[in-house]
Each structure stands twice: as C-alpha cells, then as structure tokens.
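Structural overview for review
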Amino acid sequence: MSKYKVTRDGIRIYPLSEFSGMRTAGRVAAQILDDLCDHVQPGIKTIDIDELVRDRIREYGVKSSTIGYRGYGHASCISVNHVVCHGIPGPKVLQSGDILNIDVTITADGWFGDSSRMYAAGQIARKSSRLLDVTHKSLMLGIEAVKPGGFFGDIGHAIQKFAESHRMSVVRNFCGHGIGREFHLPPNVLHFGSRGTGAKLEPGMIFTIEPMINIGKPGTKILSDNWTAVTLDRSLSAQFEHTVGVTEDGYEIFTLSPGGLFHPTRHLN
Ligand code: MF3
Ligand code: CO
Ligand code: CO
C-alpha cells in the first residue's frame, strides 16, 4: 500500500513539498549526462561510455536504477542511429556522423531521476541535425502543454503535430511513464493523440515525456537480445527525455542540464 493519493485513473499524486527529492535525483541524472559530453567522440566504444556512467554514479553517491531492472545489466541505454531505444552498451565503436541517445536513470534517496538526450559523434549530416532539432522541439512543446486542468492528450497532440508537420513520424510502441518513488508507474504517457483526451493533469503528478521520432516510418521491432528496439525501415531515430512534475500553475522540469548541454548542437538549453 502506498501512502500516496491515487486518482481514479490510477495516477499517483505527490505532495508538492516532496518535489525536493525529485530535484536532487533529476539534477544528478542530468549532471551525469552533462559529464559524458566531452567523451562522446568517434572511436569510443558504447560500453566505455557505460563505464563512465557507472563511475559518476559511484562518485555522486547514488544508485543505478537500470542495473538489475528486469534483468537489464547496464547503467545506461545507448541507442545509435536507427536504434530507437534500449540499445545495450557493448563493443560498438562510434563513427563520425553517428547520432546516439544516452538514457540514464538513477535513484537518490529513493527518488528516481530519468533523462535521456541525443549526442553527435564528430560531424553529422544535415538530415541528422534536423532530426535532433525536431525531436528536441517536440519534447519541449509537449512539456509546455503540462498544466493543471489540461490533459495527457494535450501533450501527445503537441508532440505529434509538430513532428508530423516536419514530415517525421512519432514512434507508437514506446511511451513515457509515471515515476517518483518507483521507476515505472501509471500512466502511459503517449507521444501522439488528441487534445482534451486521456487523464486530466493535476498538481503533484510526476512523469516522463520521452518522444522517439523517426525520419521514416514509425514502425519498430525488438532484436533477439530482447531489448534493442530498431526502426523497421532502418531510418534514423532520435529521442529526448525529461522527468517533469505538475505544479499549481504549470510544470517543473527536474532533469534540466546544469551546463546547458541538453541539445548537443545548440548552446543554452
Ligand atoms: N530509462 C528508460 C526509460 O526511459 C528505461 C530503461 S529500462 C532498461 O524508461 F532496463 F532498459 F534500462
Ligand atoms: Co523514462
Ligand atoms: Co529513460
């Protein structure tokens, strides 16, 4: 039994006074992603990036939320090019022109901070850079739809409308999620949909928004390792993820980049 109030839609309401725990967890997750920036270069193996994440987690005195989660063995997911999400760190060496998502979730004092962002190895193609811009903007537009009295469908609608207006597609097979004192809680936060649909947004809700946008078609499949999700048409895919809370008059982003490094090719974000 949870000590928290739960809405009729099964969504947990946290007292706003407890958001301080999320601020710490979110900041540490974001700091770890900042710390990786200088290391994500052509020539590095993705398993070596994961090792850096482990080192930082130790240094900051927090816990990895993913090691041991449903049998997962790493401190990060690293998804390169046409990998949509849940890429497993390994011997793959980054090449100049690769785009990759690094997703880190940590637990600090029992609070979960979950964030992911895109990185560029070396010089990337114009179409890759457009994909990153559209995906980043779609996340931020989704976040701006978060306010009490609004609906989860408003978030999905904002994301889908923007991505599709740039002739890109929204992945349907993965979604954001409630979070807080647990890693994955209701609701499923869809990155597509219609305004005014789904559960109503209330102060105290905490969830992730983490749109995956493809240059090609939205279809995905999971590889035989049972984790790695790739685009069916092998088109490039990108993702940005923030953990947010609903406040009395809008939203709070818990995973803002301390160094302003959230978007790799733009300063101050
Ligand atoms: N961090 C991912 C998310 O955004 C979940 C990763 S679960 C793992 O929800 F086991 F693959 F690490
Ligand atoms: Co998440
Ligand atoms: Co994540």
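Above: the structure in question.
Quick look at the structure, then. All values reported here derive from a predicted model rather than from experimental measurement. (Residues numbered from 1 in each chain as written. Chains lettered and ligands numbered in written order. Predicted model: local features only at pLDDT ≥ 70, side-chain atom pairs only at ≥ 80, totals over all residues. Heavy atoms only, no water.)

Describing the overall build of the protein
Definition in use: Runs of E in the DSSP output that reach at least two residues are strands. Runs of H or I that reach at least four are helices, and both are numbered from the N terminus. In this setup the radius of gyration rests on C-alpha atoms only. A globule is expected at 2.2 Å times the number of residues raised to 0.38. Relative accessibility thresholds used throughout: buried, under 20% of the residue-type maximum; exposed, over 50%; partly exposed, between the two (1.4 Å probe, protein chains only). When checking whether two residues touch, look at their non-hydrogen atoms; a contact exists if any pair is within 4.5 Å. Lys and Arg are tallied as positive, Asp and Glu as negative. Neither His nor the chain termini are counted. Every charge is mapped onto a representative atom, which is NZ of Lys, CZ of Arg, CG of Asp or CD of Glu.
Regarding its fold elements, the protein presents 4 helices and 17 strands. Here the C-alpha radius of gyration of the protein, 17 Å, is about what a compact globule of 269 residues would show, namely 18 Å. If one aligns the C-alpha atoms of the protein with their principal axes, the spans along those axes are about 50 × 45 × 40 Å. Burial statistics for the protein: of 269 residues in total, 55% are counted as buried. Taking as baseline every contact in the protein between residues at least 6 positions apart, the subset at least 24 positions apart corresponds to 70%. Once the 29 positive and 27 negative side-chain charges of the protein are each reduced to a mean point, those two points are 6 Å apart.

Here's the deal with the coordination of the cobalt ion (ligand 3)
The following threshold applies: Distances up to 2.8 Å from the metal define which N, O and S atoms are donors, and 3.2 Å serves for Na, K and Ca; water is absent from the atom set, so sites may look incomplete. Each label reflects the angles at the metal, where four donors whose angles all fall between 85 and 135 degrees are tetrahedral, four or six donors whose opposite pairs open beyond 155 degrees and whose other angles stay between 65 and 115 are square planar or octahedral respectively, and the rest are irregular.
Every protein donor of the cobalt ion (ligand 3) is listed here as D103 (OD), D103 (OD), D114 (OD) and E241 (OE), and their distances to the metal cover 2.1 to 2.3 Å. Classification of the site at the cobalt ion (ligand 3) as irregular follows from its 6 donor atoms and the range of 58 to 170° in their angles at the metal. Metal-to-metal, the separation of the cobalt ion (ligand 3) and the cobalt ion (ligand 2) is 3.3 Å; D114 coordinates the two. You can see D114 sitting in strand β7 (residues 111-120) and its partner E241 sitting in the loop between β15 (237-239) and β16 (242-246), a full 127 residues away along the chain. Accessibility classification places D114 together with E241 in one group, the buried group.

Here's the deal with the coordination of the cobalt ion (ligand 2)
Put simply, a metal with four donors set out as a tetrahedron has ideal angles of 109.5 degrees, and one with six donors set out as an octahedron has ideal angles of 90 or 180 degrees. Surrounding the cobalt ion (ligand 2) are the protein donor atoms D114 (OD), H177 (NE2), E210 (OE) and E241 (OE), which sit 2.0 to 2.3 Å from the metal. Coordination at the cobalt ion (ligand 2) comes from 6 donor atoms whose angles at the metal span 51 to 160°, giving a geometry best classed as irregular. Expressed as a motif, the donor residue spacing for the cobalt ion (ligand 2) is D-x62-H-x32-E-x30-E. Judged by its relative accessible area of 6%, H177 is buried.

Brief notes about the sheet that holds strand β14 (residues 229-231)
Cut-off, in case you're wondering: A pair of strands is labelled paired if DSSP reports no fewer than 2 bridges between them. Here the axes come from fitting lines to C-alpha atoms, over the contacting stretch only for helices, and the angles between their N-to-C directions go from 0 to 180 degrees.
One open sheet accounts for 3 strands, arranged β5-β14-β13; its pairing is antiparallel. Of all the strands in the sheet, just β5 (83-85) and β13 (220-222) have a single pairing partner and so form its edges. Strand-to-strand twist in this sheet, taken as the mean axis angle between neighbours without regard to direction, amounts to 40°. Note that β5 and β14 share 2 bridges and pair antiparallel. Across the sheet, the residue bridging to V83 is V230, located in β14.

What about the packing of helix α1 (residues 19-36) against helix α2 (residues 46-59)?
Spelled out, the test is: Roughly parallel here means an angle under 35 degrees, roughly antiparallel means over 145, roughly perpendicular means 65 to 115, and every remaining angle is called oblique. Crossing handedness follows the turn of the near helix against the far one: under a right angle anticlockwise gives a left-handed crossing, and clockwise gives a right-handed one. Think of it as three bins: nonpolar holds Ala, Val, Leu, Ile, Met, Phe, Trp, Tyr, Cys and Pro, charged holds Asp, Glu, Lys and Arg, and polar takes everything else, Gly as well.
Where α1 contacts α2, the axes come no closer than 10 Å and their chain directions differ by 135°. It follows from the interaxial angle that α1 and α2 lie oblique. For the pair α1 and α2, the crossing hand works out as right-handed. Contacts between α1 and α2 involve I32, D35 and L36 on the former and, on the latter, I49, L52, V53, R56 and I57. The class makeup of the residues in the contact of α1 with α2 is 6 nonpolar, no polar and 2 charged.

Regarding the site of ligand 1
Which entries qualify depends on this criterion: Proximity criterion: a residue is near a molecule or strand once any of its heavy atoms comes within 4 Å of it. A pocket here means an open set of points on a 1 Å grid, computed over the protein atoms alone, that has protein on both sides within 12 Å along at least five of seven lines. A cavity is instead a set of points where a 1.4 Å probe fits but cannot get out; residues with an atom within 4 Å of a point line either one. The way we define it, a molecule is inside a pocket or cavity when more than half of its atoms are within 2 Å of that pocket's grid points.
The immediate surroundings of ligand 1 are formed by 13 residues, with D103, H177, H184, E210 and E241 found nearest. If you map ligand 1 onto the pockets, it falls in the largest pocket. Partitioned by chemical class, the residues of the shell around ligand 1 number 5 nonpolar, 4 polar and 4 charged.

Let's talk about the pattern of salt bridges
Keep this limit in mind: By definition, a salt bridge exists where a carboxyl oxygen of Asp or Glu is found within 4 Å of a side-chain nitrogen of Lys or Arg.
Scanning the model with the defined rule gives 9 salt bridges in all. D55 is the salt-bridge partner of R58, the closest N and O atoms lying 3.4 Å from each other. Highlighted residues: R58 and D55, both in helix α2, separated by 3 residues, approximately one helical turn. Classification of R58 by relative accessible area gives exposed; the value is 58%. Here the salt bridges share partners, and the residues they tie into one network are D35, R56 and E59.

As for the packing of helix α3 (residues 126-144) against helix α4 (residues 152-165)
Axis separation between α3 and α4 bottoms out at 8 Å; the angle between their running directions is 155°. Considered as vectors, α3 and α4 are oriented roughly antiparallel to each other. Handedness of the α3/α4 crossing: right-handed. Residues V134, K137, S138, L141 and G142 of α3 form the contact with α4, whose own contacting residues are I155, A158, I159, F162 and A163. The residue inventory of the contact of α3 with α4, partitioned by class, reads 7 nonpolar, 2 polar and 1 charged.

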